[in-house]
Amino acid sequence: MTVATTRTPRRLFADEALPLYERTAAQLLDDLRANAAHAGDRLPSERALATRYAVSRVTLRAALAELESRGIVRPASSRGWFVGDLEPESAPAPSTAAPPPQPQVQGLADFARVNGLTPSSRVLSAAVRPATVSEAEELRIAPGADLFELHRLRFLDDLLVAFEHNRLPLAVCPALAATDFNSASLYATLRAADPPQLPRVADYSVEARHPTAREIELFDIGDTMPMLVATQLTFNQGGRPIELTVQVYRGDRYRFRASITNRP
């Protein structure tokens, strides 16, 4: 049986703050319920779904990956996508409140879109090289394993805010090496990988220091401008480290906020 999804009324709760792929996943789930879909029913093609929800194929695949992580849909090699188990999600939800969001790590592109900003990047270098012993320990890979390394400048509304250095095991997403990150989103590429790599948790630290000579040139600043350096180790939905990133921000263009909880 093929599921013929139909457009359902928009949810009444305010979910505009969610990334586009999560909103697409929610709309697709609404359609499956409205059509009384059953486990084993086949979904329309990715092309048809992307057209129906007016999103890119990358966003659509990220939405499907999100639903797959919750057991709602499942892929079947070259046969497409099929309905999985809707029962855990079948209880009626209040119409005025959103369900608790899945934990996720937000990339700069996600942050920008949520806040009505236009993100852009300029790649300085992108290459595959062997991982060092230190990198291998952090990312839990073998020393010398293929590592995708990316250096780029990050902009919001054409204003330079960060110099970013990303390192990822190539095995988690071979498409990294062939992707143009001048325009593509790193996290969207990971979400569209096969199998999907969903950034769920990150170890994050921030420190202040003086700018290096290269940073003075890149940011066109003086040597007295304080820089905030954020180091992030990101883990996927299975708890595997998938990204080691260092982001250097101008001190006057970055603010870090966190909630501190006293665990009993």
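Residues numbered from 1 in each chain as written. Predicted model: local features only at pLDDT ≥ 70, side-chain atom pairs only at ≥ 80, totals over all residues. Heavy atoms only, no water.

A few words now on the pairing of strand E8 (residues 241-250). With respect to burial, E8 is a largely interior element, nine of its ten residues being buried. As paired elements, strand E7 (residues 227-235) and E8 share nine bridges and run antiparallel to each other. In the sheet register, Thr234 faces E8, and the bridge partner there is Glu243. In this structure, the hairpin formed by E7 and E8 is closed by a connection of five residues, where Gly239 is found at a positive phi of approximately 85 degrees. (Buried < 20%, exposed > 50% of the residue type's maximum accessible area, 1.4 Å probe, protein only. Helix = DSSP H or I, 4+ residues; strand = E, 2+ residues; numbered from the N terminus. Pairing = 2+ DSSP bridges.)

On average, residues of the chain score 84 in pLDDT, and 83% of them are at 70 or above. Low pLDDT (under 50) marks residues 7-14, which in the prediction has 20 contacts with non-local residues, meaning those over four places away or in another chain. Within the model, pLDDT remains below 50 along residues 89-98, and this stretch shows eleven contacts once partners closer than five positions in the same chain are excluded. (pLDDT = per-residue confidence, 0-100. Contact = heavy atoms within 4.5 Å.)

One number sums up the size of the largest pocket: a volume of about 920 Å³. Taken together, 33 residues make up the lining of the largest pocket; nearest its centre are Gln106, Phe111, Tyr204, Tyr249 and Tyr254. Of all elements in the fold, only helix H4 (108-114), strand E4 (146-156), strand E5 (159-169), helix H6 (186-191), strand E6 (201-209) and E8 reach the threshold of two or more residues within the lining of the largest pocket. In terms of residue class, the lining of the largest pocket is made up of 16 nonpolar, eight polar and nine charged. (1 Å grid on protein atoms, 1.4 Å probe; cavity = no way out; pocket = protein on both sides within 12 Å on 5 of 7 lines; lining within 4 Å. Points joined across faces, edges and corners; volume = space filled by probe spheres on them. Nonpolar A, V, L, I, M, F, W, Y, C, P; charged D, E, K, R; others polar.)

Take the pattern of salt bridges next. A full pass over the atoms with the stated rule returns eleven salt bridges. Its salt-bridge partner being Arg57, residue Glu46 comes within 3.7 Å of it at the nearest N-O pair. With a gap of eleven residues between them, Glu46 in helix H2 (residues 46-52) and Arg57 in helix H3 (residues 57-69) connect regions that are remote in the sequence. With relative accessibility at 31%, the residue Arg57 sits in the partly exposed group. A salt bridge links Glu66 to Arg200; the nearest nitrogen and oxygen atoms lie 3.2 Å apart. Taken together, the positions of Glu66 in helix H3 and Arg200 in the loop between H6 and E6 put the pair 134 residues apart, joining distant regions of the chain. Since its relative accessible area comes to 10%, Arg200 is described here as buried. (Salt bridge = Lys/Arg side-chain N within 4 Å of Asp/Glu carboxyl O.)

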